Amino acid sequence: DLKLRQAMQLEIKQYHAQLGCTIVFVTHDQGEALALSDRIAVMGKGRIEQVDAADVIYDRPNSLYVAEFIGRTNVLIVEAGPSGPRIAGTDIALPSAIAGGRPGQGPAVLSLRPEKIIRAATARDGSILMEAQISEVLFQGDLVHYRALIPGGLKLQFQEHRSPGSDILKVGGSVRLAFDPEDALRL
C-alpha cells in the first residue's frame, strides 16, 4: 500500500530525528533509500560499491553500476567521430571537454539522468540537440516518463512534470530534445 509505505517512511524519519541514533534500513527500493537515508551504502556482488549521502550517490555515482542501480539513467558511449567525439552510433557531436577519451582505456561512458533531458524548440548555447521519436509513454499523474528513439537506434529516457495546459506526447510522435553537456557525468 503506497500511502501506508509513505506514512511509515515519515514515521521512521521522525524517530531518527527524535532519538538521534543510527537506524539501519535495508531495502531494494531505490526511491525509499533516497527518501530515508542520510547515507547510503550501495552493494553489488557482495561488496560495497559506494557509501555517500543520498544526493551524492544520485548526482555523482562513482561507477556505472551505481549510476544504473540508483534511479534511472541513460548510458551514453562516446566514440571518435570524423569531426570529434560523438554519441556512439549517432551523428550527435559532443564537446571534447566532456567526452574526451582516456588514452588506452577505450571509449568514455557517460551517465545522463532523464530529468536532465528537456523538450527544446531550439538549442540553447552549448546544448546538445537531438531529433527523436517517442516509443513509450508512462503516465504517472504529475510526472510522465518517456522513452524516445534517436537516429542511430539509441533509446533515451526523459521525464516531464505536468503543468496546466501541457500536452502529453504520443507514441510515434516526433520531438526535439536537448541536454546540457555538463549534465552528462563521466564514469
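Everything numeric here is computed off the predicted structure, so don't read it as measured data.

Strand direction decides the pairing type here: strand β6 (residues 118-119) and strand β10 (residues 174-179), joined by 2 bridges, are antiparallel. Along β10, the bridge assignment pairs Ile 118 with Ala 178.

Further remarks concern the sheet that holds strand β11 (residues 185-186). Read across the open sheet, the 4 strands follow the order β4-β3-β5-β11; overall the sheet is antiparallel. Every other strand in the sheet has two partners, leaving β4 (84-87) and β11 as the edge strands with one partner each. Note that strand β5 (residues 109-112) and β11 share 2 bridges and pair antiparallel. Bridge pairing links Leu 110 to Arg 186 in β11.

Of all hydrophobic cores here, the largest spans 24 residues; its most connected members are Met 130, Phe 158, Leu 177 and Phe 179. If we ignore the near neighbours within four places in the chain, the residues touching Phe 179 are Leu 76, Leu 94, Leu 112, Lys 116, Ile 117, Ser 127, Ile 128, Met 130 and Ala 184. If you look at the next biggest cluster of nonpolar residues, it comprises 8 residues, including Val 42, Ala 54, Tyr 58 and Val 66.

On to helix α1 (residues 2-19), then. Look at α1: 26 Å from first C-alpha to last across 18 residues, which is about the 26 Å you get at 1.5 Å a residue. Capping the start of α1 is the job of one residue whose side-chain oxygen sits 3.0 Å from the backbone nitrogen of Lys 3: Asp 1. Positive phi shows up at Gly 20, right after α1, with a value of about 65°.

Rules of the game
Residues numbered from 1 in each chain as written. Predicted model: local features only at pLDDT ≥ 70, side-chain atom pairs only at ≥ 80, totals over all residues. Heavy atoms only, no water. Pairing = 2+ DSSP bridges. Helix = DSSP H or I, 4+ residues; strand = E, 2+ residues; numbered from the N terminus. Core = buried A, V, L, I, M, F, W, Y, C linked by side-chain atoms within 4.5 Å. Buried < 20%, exposed > 50% of the residue type's maximum accessible area, 1.4 Å probe, protein only. Contact = heavy atoms within 4.5 Å. Expected span 1.5 Å × (residues − 1). Polar contact = N/O pair within 3.5 Å; in protein donor to acceptor, adjacent residues only side chain to side chain.

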